[in-house]
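Single-letter residue listing:
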Amino acid sequence: HSVVLIDGPLIGGMASSYAIAMDETLRKRNCVPLYFVKNSDSRLVIEKIPELARQFNSDFHWASHWLKDRSRSPFFRYTDRHNSKNSKVFAYLKALASFPERVEMHSLTYEKYADLVPSLMNLLAYFYVVQGDYSNPQVRPIAVAEKYAREGLRMLNIPVLLGKMGFHPTINQVRFG
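Note that the structure is a prediction, hence the values are computed from the model and not measured.

**Remarks on helix H1 (residues 16-28)**
Working step 1: Given a rise of 1.5 Å per residue, 13 residues ought to cover 18 Å, and the 18 Å separating the end C-alpha atoms of H1 matches this to within 8%.
Working step 2: For H1, the set of buried residues is Ser16, Ala19, Ile20, Asp23, Leu26 and Arg27. Down the axis of H1, the smallest arc covering the buried residues is 125°, so these residues share one side. Turned more than 90 degrees away from the buried face of H1 sit Tyr18 and Lys28, all of them exposed.
Working step 3: Next to the buried residues of H1 lie strand E1 (3-7), strand E2 (32-37), strand E6 (101-106) and helix H4 (107-112).
Working step 4: In the stretch just after H1, asparagine 30 is the one whose phi turns positive, near 60°.

Written out as structure tokens, the structure is:
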């Protein structure tokens, strides 16, 4: 009975099958998993409308130009032609006067929680506003989690820890950092 905010796409690359399986498990536990994408060269929206494909380089380029501050695009549905389990519903959200972010959810999540979607979008807009970082717009819980993760990595100092365990860097790692 939670909303789970996940930094990264639902479908994309090698992790897709893991994300889809995790998403299914969360849905069975009455959780609403939402995925956030800040950077992508996806052209799913603009390739469906030839005029847009000639004007914009990517969906983010289109959304950044088209969306007004504190607005979102309509929802779009994508289903992979080769694997119908890879299906998502997404919208672009521009909660602040800066860059949009894509919010995704599995198509089955969207269908199961359709009545909650408007309230969820309002909650997400609130999370962007309370974060308030125009140079790096993110929902606040993800931004806070990133700060904790960076601080944890800094405190662990993994290269020193590995050295104490007897691991030694290769020549390329020493040369290039």
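From this point, the discussion proceeds with the structure in view.
**Considering empty space enclosed by the protein**
Over the atoms, a rolled probe matching the size of one water molecule traces out where space is still vacant.
Working step 1: On inspection of all chains with the given rule, the structure shows one cavity of 30 Å³ or more.
Working step 2: If you go around the largest cavity, the residues you meet are Leu93, Lys94, Ala95, Leu96, Phe99, Pro100, Glu101, Tyr128 and Pro137.

**Considerations on the environment of proline 74**
Working step 1: Relative to the assigned elements, proline 74 resides in the loop between strand E3 (71-72) and strand E4 (76-79).
Working step 2: Excluding residues that lie within four positions of it along the chain, proline 74 makes contacts with Trp66, Phe90 and Ala91.

**Points about the layout of surface pockets**
Working step 1: Roughly 260 Å³ of internal volume is contained in the largest pocket.
Working step 2: Along its surface, the largest pocket is lined by Arg43, Leu44, Glu47, Lys48, Phe76, Arg77, Tyr78, Thr79, Asp80, Arg81, His82 and Phe90.
Working step 3: Looking at the lining of the largest pocket, the element that brings in the most residues is E4, giving four residues.

**Remarks on the pattern of salt bridges**
Working step 1: Taken as a whole, this structure holds nine salt bridges when the rule is applied.
Working step 2: Measuring nitrogen to oxygen at the nearest pair gives 2.5 Å for the salt bridge that ties glutamate 151 to arginine 154. With a gap of three residues between them, glutamate 151 and arginine 154 both fall in helix H6 (residues 140-156), about one helical turn apart.
Working step 3: The class of glutamate 151 is partly exposed, set by a relative accessible area of 35%.

What counts, and at which threshold
- Each residue is numbered by its place in its chain's sequence as written, counting from 1.
- With pLDDT at 70 or above as the cut-off, local features in this predicted model cover only qualifying residues; side-chain atom pairs require 80 or more to be listed or tallied, and sums for whole chains, interfaces and linings still use all residues.
- Processing note: side-chain calculations cover all non-hydrogen atoms of the structure and skip hydrogens and water entirely.
- Runs of E in the DSSP output that reach at least two residues are strands. Runs of H or I that reach at least four are helices, and both are numbered from the N terminus.
- In a helix, the anticipated span is given by 1.5 Å times the number of residues less one.
- Only protein chains enter the area calculation, which uses a 1.4 Å probe; residues under 20% of their type maximum are buried, those over 50% are exposed, and those in between are partly exposed.
- As used here, the arc belongs to the directions running from the helix axis to the C-beta atoms.
- Throughout, a residue-residue contact means that at least one pair of heavy atoms, one from each residue, lies within 4.5 Å.
- For cavity detection a 1 Å grid was placed over the protein atoms alone, and a set of points counts as a cavity when a 1.4 Å probe fits there but cannot get out; an open set counts as a pocket when protein lies on both sides within 12 Å along at least five of seven lines, with lining residues being those that have an atom within 4 Å of a point.
- Grid points are joined across faces, edges and corners, and a volume is the space filled by probe spheres set on the points.
- By salt bridge we mean one thing: a side-chain nitrogen of Lys or Arg within 4 Å of a carboxyl oxygen of Asp or Glu.

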